[in-house]
Amino acid sequence: LILLRPGVYDTPMVLQTGGVTVAGDASSEDCVVRVGQGGPVRGLPPCAVVCRAFECRLVNLTVDYAGLEAGSAAVLVQSGSLTVMNCDIRNGVGSGVVVRASMDATIVGNRIHDCGGSGILVEQDVNATVQYNDILRSKGPGVEVREGANPIIEDNRIAKGQASGVLAVVGGKGIVRGNEMLLN
């Protein structure tokens, strides 16, 4: 367990050891990981947090990618598995959470908002659970499912976006049920 005290942490985070939990020690608004540009790993899209290990967790944090690079992500699941729970996630230019080539991802009970791309992007043969999130004011789809992905998208509120609430592109699959989609 890595417990972050209240404050703003201006450095990217790489989760590359299995079983690590990074948790805020106060409300998510008080424990902020904010990255202005670039990212922690060369060759990957710019991001604030990247997961490359199994059974990692982000809990009770604000993750804010404040850079200007297209294709960026606040949280990138590059491989392994990650649970994101009770977090506040935003990215003014790119996506909030990108799940790519991982074994499993669980995105539950978060506020994902004001993203320049998709709120959540799931791709590359990923099984993910996206549940009980507020996904608000995305310029791209609230949840985008790309070829090979097969997520469960359930009981989310997806609202005030500038594109579709949920978009499955060619080859994208999944189960979508019980979501409230408004003004997309």
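Just so it is clear, the model here is predicted, and its values are computed rather than measured.

Draft legend 1. The arrangement of the environment of V169 in detail. Mapped onto the elements, V169 comes out in the loop between β19 (166–168) and β20 (175–177). In this structure the C-alpha to C-alpha distance between V169 and R42, which are 127 residues apart in sequence, comes to 28 Å. What V169 contacts, discounting residues up to four positions off in sequence, is E144, V145, R146 and E147.

Draft legend 2. View of the pattern of salt bridges. Summed over all chains, the structure comprises 11 salt bridges. With a closest N to O distance of 2.2 Å, R5 and D25 form a salt bridge. Note that R5 is positioned in the loop between β1 (2–4) and β2 (7–9) and D25 in the loop between β4 (21–24) and β5 (31–35), a separation of 20 residues in sequence. A residue is classified by how much of its surface remains accessible, and D25, at 36% relative accessible area, is partly exposed. Between D64 and R34 there is a salt bridge whose closest N-O contact spans 3.2 Å. In this pair, D64 is assigned in strand β7 (residues 62–65) and R34 in strand β5, connecting sequence segments 30 residues apart. For D64, a relative accessible area of 10% gives the class buried. Judged by its relative accessible area of 29%, R34 is partly exposed. Look at the salt bridges and you will find they share partners, linking R34, D64, D88, R90 and R111 into a network.

Draft legend 3. The arrangement of the pairing of β7 in detail. On β7, burial covers both faces: T62 and D64 on one face and V63 and Y65 on the other are all buried. Sheet analysis places β5 next to β7, joined by four bridges and oriented parallel. Counterpart to R34 in the pairing with β7 is D64. The pairing of β7 with strand β9 (residues 88–91) spans four bridges and is parallel. Bridging from a neighbouring strand, V63 pairs with I89 of β9.

Draft legend 4. Molecular detail of unusual backbone geometry. Phi is positive for N86, close to 55 degrees, though the residue is something other than glycine. By the secondary structure assignment, N86 is in the loop between β8 (73–85) and β9. Residue K160 is not a glycine yet carries a positive backbone phi of 60 degrees. Relative to the assigned elements, K160 resides in the loop between β18 (157–159) and β19. A relative accessible area of 52% means that K160 is categorised as exposed.

Rules of the game
- Residues numbered from 1 in each chain as written.
- Predicted model: local features only at pLDDT ≥ 70, side-chain atom pairs only at ≥ 80, totals over all residues.
- Heavy atoms only, no water.
- Helix = DSSP H or I, 4+ residues; strand = E, 2+ residues; numbered from the N terminus.
- Contact = heavy atoms within 4.5 Å.
- Salt bridge = Lys/Arg side-chain N within 4 Å of Asp/Glu carboxyl O.
- Buried < 20%, exposed > 50% of the residue type's maximum accessible area, 1.4 Å probe, protein only.
- Pairing = 2+ DSSP bridges.

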